[in-house]
Amino acid sequence: MRARLSLPRTVVVLGFVSFLNDAASEMITPLLPLFLTMTLGAGPAVVGLIEGVAEATASLLKLVSGRLADRGVSPKLLLLGGYGVSNVARPLIGIALGWSWVLGLRFLDRLGKGVRTSPRDALIAAASGERRRGHAFGYHRAMDNAGAMVGPLIAFALLSLSVPLGHVFLLSVVPGVLVLALLLFGLPGRRSVSLDAPAGPLPSLRWSSLDARLKGLLLAAGGLALATVPEVFLVLWAQSRGLAVVWVPLIWAAASLVKSLLAWPAGALSDRVGRVPVVVVGWSMRVALLLALAHAGSGEAVIWGLFLAYAGALALTEGAERALVGDYAPARLKGTAFGLYHLITGALALPGAVMFGVAWQVFGEHVAFYLAAALTAAASVAMLAVLRRV
């Protein structure tokens, strides 16, 4: 509690905003692949397409919104617009009549994410300072994942009461309304919420003018995004091993609990021992676990153990990776730097998700996980080479 209270008000409020928003979002996300495949009749390739498009199509807006924040547009206004669009579109998935409807609504949901993400991360980086940046991002990711734990628990309770899947999606509007209320009344006003950048004209956006360390970091992070397996595929993997549909929200919630417990201390640890040791451990765990998923048998202990372990590996690096971007981004271009980070990683998420889904559908899940493990290892080596030079 003392550590949380030592963070600036802006960081604390944005943590609670992410908590509520993820509670709304994660009432839906773990059920979405089942809704697509069981209710709407889509295949794994369509699941990969929708998840990839959902992330990649919003990527350009993450750069635009970061640039707007650097130009002086109110970050609070960008946050309200972004969270507002998402929390209007997301519940409407419950009345979708086909997978193309889901694609459109997921696009709008991620569109809102594109508007809000870079200004939010830039605010956290600017408000926390370099010495506690890992701590601040770790706290934010912990709150985000805590909300991602609460959302599936709500969905689990509703499904246990025989509430239809579509109605669960519609009810996600409730925490979404609370998100907007907290932004309006909890976040400081426009004059208090700024990136605190030096005065003067905004430098032009030219790739050649960026710091070589930042460019290398962004490209390596993009490679890692290409190799990352969307977690919705772990739901299909768990179902193929015998996990009942009613337990899907619960295992998703447990994974988010693991992330929430690890993200904050891992981010704070990166302030003390350095970013590189923390991220290397997390990346190495990902490779090992992807290989384990390919070879895993059935059984509740296997399903829960590997699902939660993979979640933990992702959480170890969340805070440190974003803190690295904040470390090497110029003060005048923090919003732009985070926009580029999200643009590159989001754009490469699309081919990565589609590639994994097609590999699963055509060659089987074993080949898909082998491919993901090989790409993750290659991307991790490349990023480690970059980080050793900075």
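Quick caveat: nothing in here was measured; it's all calculated off a predicted structure.

Draft legend 1. Summary view of the UniProt feature "transmembrane region" (unreviewed entry) in the protein chain. The UniProt entry lists residues 88–108, 167–187, 216–238, 244–264, 276–295, 301–317, 338–361 and 367–387 under the feature "transmembrane region" (unreviewed entry), expressed in the numbering used here. With 87% helix and 0% strand, residues 216–238 has end C-alpha atoms that lie 36 Å from one another. Regarding residues 244–264, the helix share stands at 81% and the strand share at 0%, and the terminal C-alpha atoms are separated by 31 Å.

Draft legend 2. Structural detail: unusual backbone geometry. One non-glycine residue, S162, adopts positive backbone phi at about 65°. Its location among the elements puts S162 in the loop between helix 8 (133–160) and helix 9 (165–171). Using a relative accessible area of 64% as the deciding quantity, one classes S162 as exposed.

Draft legend 3. Up close: the pattern of salt bridges. Scanning the entire structure with this criterion turns up 9 salt bridges. Residue D109 pairs with R90 through a salt bridge whose shortest N-O separation is 3.4 Å. Taken as a pair, D109 in helix 7 (residues 99–128) and R90 in the loop between helix 6 (75–89) and helix 7 lie far apart in primary sequence, 19 residues in all. Looking at D109, the relative accessible area reads 0%, which means it is buried. For R90, a relative accessible area of 1% corresponds to the buried category. Across the pair E318 and R141 runs a salt bridge whose closest N-O atoms are separated by 3.5 Å.

Draft legend 4. Region of interest: a nonpolar patch on the surface. Judged by side-chain polarity, L291, V358, V362, F363, V367 and Y370 come together as a nonpolar surface patch covering roughly 540 Å² of accessible area. Counting residues per element, the ones that place at least two in the nonpolar patch are helix 16 (334–363) and helix 17 (365–388). Looking at the nonpolar patch, the element that brings in the most residues is helix 16, giving 3 residues. Along the chain, the position of L291 falls in helix 14 (residues 275–295). Its relative accessible area of 38% is what places L291 among the partly exposed residues.

Draft legend 5. Structural context of the packing of helix 2 (residues 9–25) against helix 8. Two elements in contact, helix 2 and helix 8, have axes separated by 6 Å at closest approach and are oriented at 25°. One finds that helix 2 runs roughly parallel with respect to helix 8. Here the hand of the crossing between helix 2 and helix 8 comes out right-handed. When helix 2 is examined against helix 8, the residues V11, V12, L14, G15, F16, S18, F19, D22 and A23 are found in contact with a partner set consisting of A136, Y139, H140, M143, D144, A146, G147, A148, V150 and G151. Partitioning the contact of helix 2 with helix 8 into residue classes produces 12 nonpolar, 5 polar and 2 charged.

Draft legend 6. Layout of the side chain of D144. Residue position: D144 is located in helix 8. On the basis of relative accessibility, which here comes to 7%, the residue D144 falls in the buried class.

Draft legend 7. Representation of the nonpolar core within the structure. Among the nonpolar cores identified, the biggest contains 54 residues, and W237 and F369 are the most heavily contacted of them. Grouped together as the second largest cluster of nonpolar side chains are 47 residues, L20, F137, A221 and A320 included.

Draft legend 8. Geometry of the environment of A238. Along the polypeptide, A238 turns up in helix 12 (residues 231–240). Taking relative accessible area as the criterion, A238 reaches 1% and is therefore assigned buried. Expressed as a C-alpha distance, the spacing of A238 and G299, which sit 61 residues apart in the sequence, is 9.7 Å. When sequence neighbours within four positions are dropped, the list of residues in contact with A238 reads L243, I303 and F307.

Calculation notes
- Residues numbered from 1 in each chain as written.
- Predicted model: local features only at pLDDT ≥ 70, side-chain atom pairs only at ≥ 80, totals over all residues.
- Heavy atoms only, no water.
- UniProt positions renumbered as here; feature names shortened; annotations may be inferred.
- Helix = DSSP H or I, 4+ residues; strand = E, 2+ residues; numbered from the N terminus.
- Buried < 20%, exposed > 50% of the residue type's maximum accessible area, 1.4 Å probe, protein only.
- Salt bridge = Lys/Arg side-chain N within 4 Å of Asp/Glu carboxyl O.
- Patch = residues over 30% accessible without salt bridge, like charges linked within 9 Å, V, L, I, M, F, W, Y side chains within 5 Å.
- Areas by Shrake-Rupley, 256 points an atom, 1.4 Å probe, with all protein chains shown as cover.
- Axes fitted to C-alpha atoms, helices over the stretch in contact; angles between N-to-C directions.
- Parallel < 35°, antiparallel > 145°, perpendicular 65-115°, else oblique.
- Left-handed = near helix turned anticlockwise from the far one by under 90°.
- Contact = heavy atoms within 4.5 Å.
- Nonpolar A, V, L, I, M, F, W, Y, C, P; charged D, E, K, R; others polar.
- Core = buried A, V, L, I, M, F, W, Y, C linked by side-chain atoms within 4.5 Å.

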